[in-house]
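Summary of the model geometry
What follows is the residue order along each chain.
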Amino acid sequence: MYPKKDKKAEAARRAMQEAIDNHTADLAPVVDGRKVILEVTDVIRQYNQYDEVVTAVNRASFRVFMGEFVAIVGASGSGKSTLLHLCAGLDRPQAGSIVVRGHKLENMNEDELGKFRGSFLGMIFQSHHLIPHLTALENILVPTLMCGRDEISYDQHLKLLVASLDLADRLHHLPSELSGGQQQRVAIARALINRPQILFADEPTGNLDRANAEDVLQLLLDTRAEMGCALVMVTHDLSIAARADRVFKMEGGRLRLWNNRLDGILPGYEGGEESYE
């Protein structure tokens, strides 16, 4: 005798899948012939610190077009990493709106957001956040377990990533057996395995020497060009930011446009080798 189906559980499962499917449709608006992949409007994020409230992000607003490289610079504690985490759906704002591909992240529950993030967003952390007991290959493939996309050939894409990131002879090594640069390359491959439409990078070269930092940056720029994804990078290095299409500066939680290649260099920005520490 077969067990009876739980109709309520089945209905809930179908409702959840329908909600997730609705959030995967591409509803991104087009402005001046360019697709807006990310739109942030009046976002606020506050934290309680001892007996006072700290406003890490104060009414930040900006948009990112598909294929664009946007850099966010600022001193330590200015709120730039917090803003990046909000845009990537890793944190929730108290106010304002974050829209990716035409969908408001605040309208999604945790399951829907997790599915959406795994399908369309990639995140590279400064500290790698690799799982220590998994090999490099297993770390790279973790996102595919959370979000299988039928249109992606993981085998072929994995081969391309491994080749471009020069990881072929390190795939079966644990993170503790890899150098800092190799760990960062594994983290990049993990962020790219699901072919995200936006790649967020939080100080991806911060722990690397100049030579490795340049290699990682060039890999990110090459990947962006090949895949057509947007790249949003937090960095303290102005020589890196100078290569972005647009640069935003954060000060005290407030965001402002600092440099726009389309309109020329704005006052107060000169590029160069200096950096925020």
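So, here's what we can say about the structure. (Residues numbered from 1 in each chain as written. Predicted model: local features only at pLDDT ≥ 70, side-chain atom pairs only at ≥ 80, totals over all residues. Heavy atoms only, no water.)

1. A closer look at the pattern of salt bridges
The cut-off we apply is this: Any carboxyl oxygen of Asp or Glu within 4 Å of a side-chain nitrogen of Lys or Arg constitutes a salt bridge here. In this description a helix means any DSSP run of H or I spanning at least four residues, a strand means any run of E spanning at least two, and both kinds are numbered starting from the N terminus. We call a residue buried when its accessible area falls under 20% of the maximum for its residue type, exposed when it is over 50%, and partly exposed in between, using a 1.4 Å probe and counting protein chains only.
Considering all chains together, one arrives at 13 salt bridges under this definition. Measuring nitrogen to oxygen at the nearest pair gives 3.8 Å for the salt bridge that ties D26 to R101. Of this pair, D26 sits in the loop between α1 (7-22) and β1 (30-31) while R101 sits in the loop between β5 (95-100) and β6 (103-104), and the two are 75 residues apart along the sequence. Since its relative accessible area comes to 35%, D26 is described here as partly exposed. Here R101 falls in the buried class, since its relative accessible area comes to 5%. Of the charged contacts, one joins R92 and E110 as a salt bridge, the two residues approaching to 3.0 Å between their closest N and O atoms.

2. Re the layout of surface pockets
Gaps left between atoms are located by rolling a probe of water-molecule size over the structure's atoms. Stated formally: Here a cavity denotes a set of grid points, spaced 1 Å apart and computed over the protein atoms alone, in which a 1.4 Å probe fits but from which it cannot get out, and a pocket denotes an open set meeting protein on both sides within 12 Å along at least five of seven lines; residues with an atom within 4 Å of a point are reported as lining. Grid points are joined across faces, edges and corners, and a volume is the space filled by probe spheres set on the points. Put simply, Ala, Val, Leu, Ile, Met, Phe, Trp, Tyr, Cys and Pro go in the nonpolar bin, Asp, Glu, Lys and Arg in the charged bin, and everything else, Gly too, in the polar bin.
In this structure, the second largest pocket encloses a volume near 160 Å³. Going through the elements one at a time, α5 (154-164) and α7 (210-227) are the ones with two or more residues in the lining of the second largest pocket. Ranked by residue count, the leading element in the lining of the second largest pocket is α7, at 5 residues. Its residues assigned to classes, the lining of the second largest pocket comprises 4 nonpolar, 3 polar and 3 charged.

3. Some points on the sheet that holds strand β9 (residues 230-234)
Working definition: the strands of a sheet are paired by backbone hydrogen bonds and lie parallel or antiparallel to each other. Stated precisely, the cut-off is as follows: DSSP calls a pair of strands paired once it identifies at least 2 bridges connecting them. Fitted lines through C-alpha atoms serve as axes, helices being fitted only where they are in contact, and the angles separating the N-to-C directions of these axes extend from 0 to 180 degrees. The contact criterion used throughout is that any non-hydrogen atoms of two residues lie within 4.5 Å.
In spatial order, the strands read β7-β8-β9-β4-β10-β11; together these 6 strands make up an open sheet with mixed pairing. The two strands at the open ends of the sheet, each matched to only one other strand, are β7 (121-124) and β11 (254-260). Across the sheet, the mean angle separating the axes of adjacent strands is 20° when strand polarity is ignored. As paired elements, β7 and strand β8 (residues 198-202) share 4 bridges and run parallel to each other. Bridge assignment links M123 to a residue of β8, and that residue is F200. Sitting on the sheet, helix α2 (residues 80-87) touches β4 (69-73), β7, β8, β9, β10 (246-251) and β11, and the angle it makes with β8 is about 155°. Strands in contact with helix α3 (residues 110-120) are β7 and β8; relative to β7, the strand with the most contacts, it is inclined by about 80°.

4. Points about unusual backbone geometry
Look at D42: it is not a glycine, yet its phi comes out positive at around 50°. Within the fold, D42 resides in strand β2 (residues 34-49). If you check the backbone angles, H128 has positive phi at about 70° while not being a glycine.

5. A few points about the packing of aromatic side chains
Heads up, the rule is: Think of it this way: a Phe, Tyr or Trp ring, Trp meaning its six-membered ring, pairs with another when their centres are within 6.5 Å, and the plane angle makes it stacked under 30 degrees, edge-to-face over 60, tilted otherwise. Charge over a ring is defined by NZ of Lys or CZ of Arg lying within 6 Å of the ring centre and within 35 degrees of the ring normal.
Counted under the stated rule, the structure contains 2 aromatic pairs. Here F62 and F248 contribute two aromatic rings whose centre-to-centre distance is 5.4 Å and whose plane-to-plane angle is 55°, an arrangement assigned as tilted. Of this pair, F62 sits in strand β3 (residues 52-65) while F248 sits in strand β10; the two residues are 186 residues apart in sequence, bridging distant segments of the chain. With a centroid separation of 5.2 Å and 55° between ring planes, the pair formed by F116 and F120 is classed as tilted. You can see F116 and its partner F120 sitting in helix α3, 4 residues apart, about one turn around the helix. For F116, a relative accessible area of 1% puts it in the buried group. Just above the ring of F120 sits the side chain of R101; from NZ or CZ to the centre is 3.8 Å.

6. Considering helix α6 (residues 180-192)
The condition that has to hold: How far a helix is expected to stretch is found by multiplying one less than its residue total by 1.5 Å.
For α6, spanning 13 residues, the distance from its first C-alpha to its last is 19 Å, which sits close to the expected 18 Å at 1.5 Å a residue. The element α6 is extensively covered by neighbouring structure, given that 11 of its 13 residues are classed as buried. Listing the buried residues of α6 in full gives G181, Q183, Q184, R185, V186, A187, I188, A189, R190, A191 and L192.

7. With respect to the nonpolar core
Our working rule: Buried Ala, Val, Leu, Ile, Met, Phe, Trp, Tyr and Cys residues form a nonpolar core when they are joined through side-chain atoms within 4.5 Å.
Counting residues in hydrophobic clusters, the biggest one holds 41 residues, and the most contacted among them are I140, L167, L199, L220, L231 and M233. Secondary structure elements with two or more residues in this core: β4, α4 (136-146), α5, α6, β8, α7, β9 and α8 (238-241). Excluding anything up to four places from it in sequence, L220 contacts I124, I188, L199, P204, L231 and M233. In this structure, V43, L86, L121 and F125 belong to the second largest nonpolar core, which totals 34 residues.

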